[in-house]
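The primary structure of each chain is shown beneath.
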Amino acid sequence: MPVQWDETTDVCVVGSGGAALTAAYTAAANGARTLVLEKTEYFGGTSAYSGSGLWLPGNHILRQAGVEDSVASGLEYFRATVGDRSPAALQEAYVSTAPELVEFLDRDPALEFEFLPFPDYYTAPGHVAGGRGIVPKPLPAAELGDRLAQVRPPISIDQYGVPQDRETLSGGQALVGRLLLALDRTGNATLRTGTRMRSLVVEDGRVAGVEVEHEGRTLFVRAERGVIVAAGGFERNAELRRELQGLPGGDWSSAAPGSNTGDALAAFQALGAAIDLTDEAWWCPAVLFPNGHAAFTLGLRGGIFVNAAGERFANESLPYDQMGHEIRAGHATGVSHLPTWWIFDARFTSTPGITQPAPDPETFQAAGLWRTADTLTGLAELIGVPADVLGKTVTRFNGFAASGVDTDFHRGEAPYDRFFAAGDGPNPALVPIDRAPFHAVQVVLGDLGTKGGARIGTDGQVLGEDGAEIPGVYAIGNSAASVGGHVYSGPGVPLGSGMVFGYRAVTRILA
Ligand code: FAD
């Protein structure tokens, strides 16, 4: 039976994170009727929580900031880090379109960017030690008017109830705010919250629209030019995570509960799309909070991580995704790295790293997530690891701090390790642990979103099992199998790549 459409648009965008809003803006700015459908009560998704670093090599904002970078060196670096785990053509499409995307966005007065000094995550050919990321400039919240109440609040407020100033929006708040502002000003876009894509509707072998749920009703939206799915991954679906990633369910993803539960994945599977990289995520160590959520942690200035055996298992200054992979690898060794304990001493009154929000010692101690003892032996007892092993681990590490050389894990050798390091010894990334009392804080395996989804072509078009395009539908952001494969090459690849493929998808749709 032919579908009875309730509404018709040119381009329908499902989701409202950075990738979605970039696609929507590209469509609306080029005169297409654009409809954005968001499942939750807020626009912005995980993108609104983010720092909004955007890894877009060779763009003019970098040039203006005096950063020596080019598409050629960006591509050399990206290829060297990702390898063949994503198609070469996809990698090239991402990196080579980055400058064009930034030029296009920057033409709109609502969309302003600046350089973000944050190093690439690998020391590979083409890397830029001082960083090649950009961020949206902060935005006075008042410019958003009534829209402000619809922007997903920062993660500190949204998931932890910790107040945060919202008079000036920065990072992901600014990205989402600026894109909404630009989108509204086109006059061609309609945006809806509380509207969930249930499935993709196929007519005559082409995705013609979307079946949605809105206020308890089922509606059918026809998209005459194309449907762009940017509905995140399945990070908030504990069952799928156990099934596809073999991980204890847990509430440890940074995404908002109830947001990215794998609706896109299910819709693509129903369509017969090729699915890839479902075992992957943008991993990170995460401090476990009393409410069961786990907060993204990076930039260690001190302390070591030990596993259930009381041993170090990695260079703690690694970029967060690489440390996440190390924590995950504990499953394979049989020595659990879950929880990991972050051990530090009286030099630090709070956890020596960046966690948003910062853990409050008293509340964490009451919840048993932060333990303190006057001796390392006492601390080992409190956290249930062998005291003799923990003692040896710390003594050995203190030796490395004195010599400046970590012969076990080479901490402090890579430029990234030293970016946050603040120690005053021969190697600033190695700070001894020798002043009582001693602390241990629980760290688990968090993530910034999953990376698996529909395999895509160079314009984000969804591919079938046979490699042929499924007409009418595009996947971007974490709804697509990531161009990053198994690695996280540099700050801003999740958002940067999602935004590029959103731009490319719409450019193709409207061509
Ligand atoms: P999201 O931004 O999560 O958007 C998906 C949206 O789709 C959500 O609003 C969701 O509610 C909606 N949705 C889901 N299902 C449906 C449905 N069925 N129908 C309609 N809507 C639906 N990345 C970077 O690149 N740079 C950074 O600096 C950075 N910093 C970060 C800092 C923090 C603290 C965190 C938590 C993450 C950070 N990340 C960063 C990671 C990045 O934010 C995410 O990976 C990225 O935002 C995912 O974008 P997305 O568009 O795929 O999903």
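Residues numbered from 1 in each chain as written. Predicted model: local features only at pLDDT ≥ 70, side-chain atom pairs only at ≥ 80, totals over all residues. Heavy atoms only, no water.

**A look at the site of the ligand**
Moving on, step 1. Near the ligand there are 36 residues, and of these Glu38, Ser47, Asp263, Asn478 and Leu495 occur at the shortest range.
Moving on, step 2. The separation between an oxygen atom of the ligand and a polar side-chain atom of asparagine 260 is 2.8 Å.
Moving on, step 3. Here the ligand, which alone exposes 1,000 Å², has 96% of that area covered by the protein.
Moving on, step 4. Mapped by element, the contributors of at least two residues to the shell around the ligand are strand S9 (195-203) and helix H14 (493-510).
Moving on, step 5. Partitioning the shell around the ligand into residue classes produces twelve nonpolar, 20 polar and four charged. (Near = heavy atom within 4 Å. Polar contact = N/O pair within 3.5 Å; in protein donor to acceptor, adjacent residues only side chain to side chain. Areas by Shrake-Rupley, 256 points an atom, 1.4 Å probe, with all protein chains shown as cover. Helix = DSSP H or I, 4+ residues; strand = E, 2+ residues; numbered from the N terminus. Nonpolar A, V, L, I, M, F, W, Y, C, P; charged D, E, K, R; others polar.)

**Remarks on unusual backbone geometry**
For residues that are not glycine, phi is negative in most cases, and the peptide bond is trans in most cases.
Moving on, step 1. Cis geometry marks the peptide bond from leucine 338 to proline 339, where omega comes out at -5°.
Moving on, step 2. Mapped onto the elements, proline 339 comes out in the loop between helix H9 (320-333) and strand S16 (340-344).
Moving on, step 3. Of note, histidine 410 is a non-glycine position whose phi angle comes to about 60°, a positive value.
Moving on, step 4. Relative to the assigned elements, histidine 410 resides in the loop between helix H12 (387-403) and helix H13 (415-420).

**Re helix H6 (residues 171-186)**
Moving on, step 1. Compared with the 22 Å implied by 1.5 Å per residue over 16 residues, the 23 Å span of H6 between its first and last C-alpha is a close match.
Moving on, step 2. Burial of H6 is extensive: 13 of the 16 residues sit out of reach of the surface.
Moving on, step 3. Immediately beyond the C-terminal end of H6, within one or two residues, lies glycine 187, with a positive phi of roughly 75°. (Expected span 1.5 Å × (residues − 1). Buried < 20%, exposed > 50% of the residue type's maximum accessible area, 1.4 Å probe, protein only.)

**Observations concerning the side chain of lysine 451**
Moving on, step 1. Of note, lysine 451 is situated in the loop between strand S19 (438-450) and strand S20 (453-454).
Moving on, step 2. Look at lysine 451: it is buried, it has no salt bridge, and the nearest opposite charge is glutamate 280 at 5.1 Å.
Moving on, step 3. When neighbours within four sequence positions are excluded, lysine 451 is seen to be in contact with Leu277, Glu280, Ala281, Trp282, Ala480, Ala481, Ser482, Gly484, Gly485, His486, Val487 and Tyr488. (Lys, Arg positive; Asp, Glu negative; His and termini not counted. Salt bridge = Lys/Arg side-chain N within 4 Å of Asp/Glu carboxyl O. Contact = heavy atoms within 4.5 Å.)

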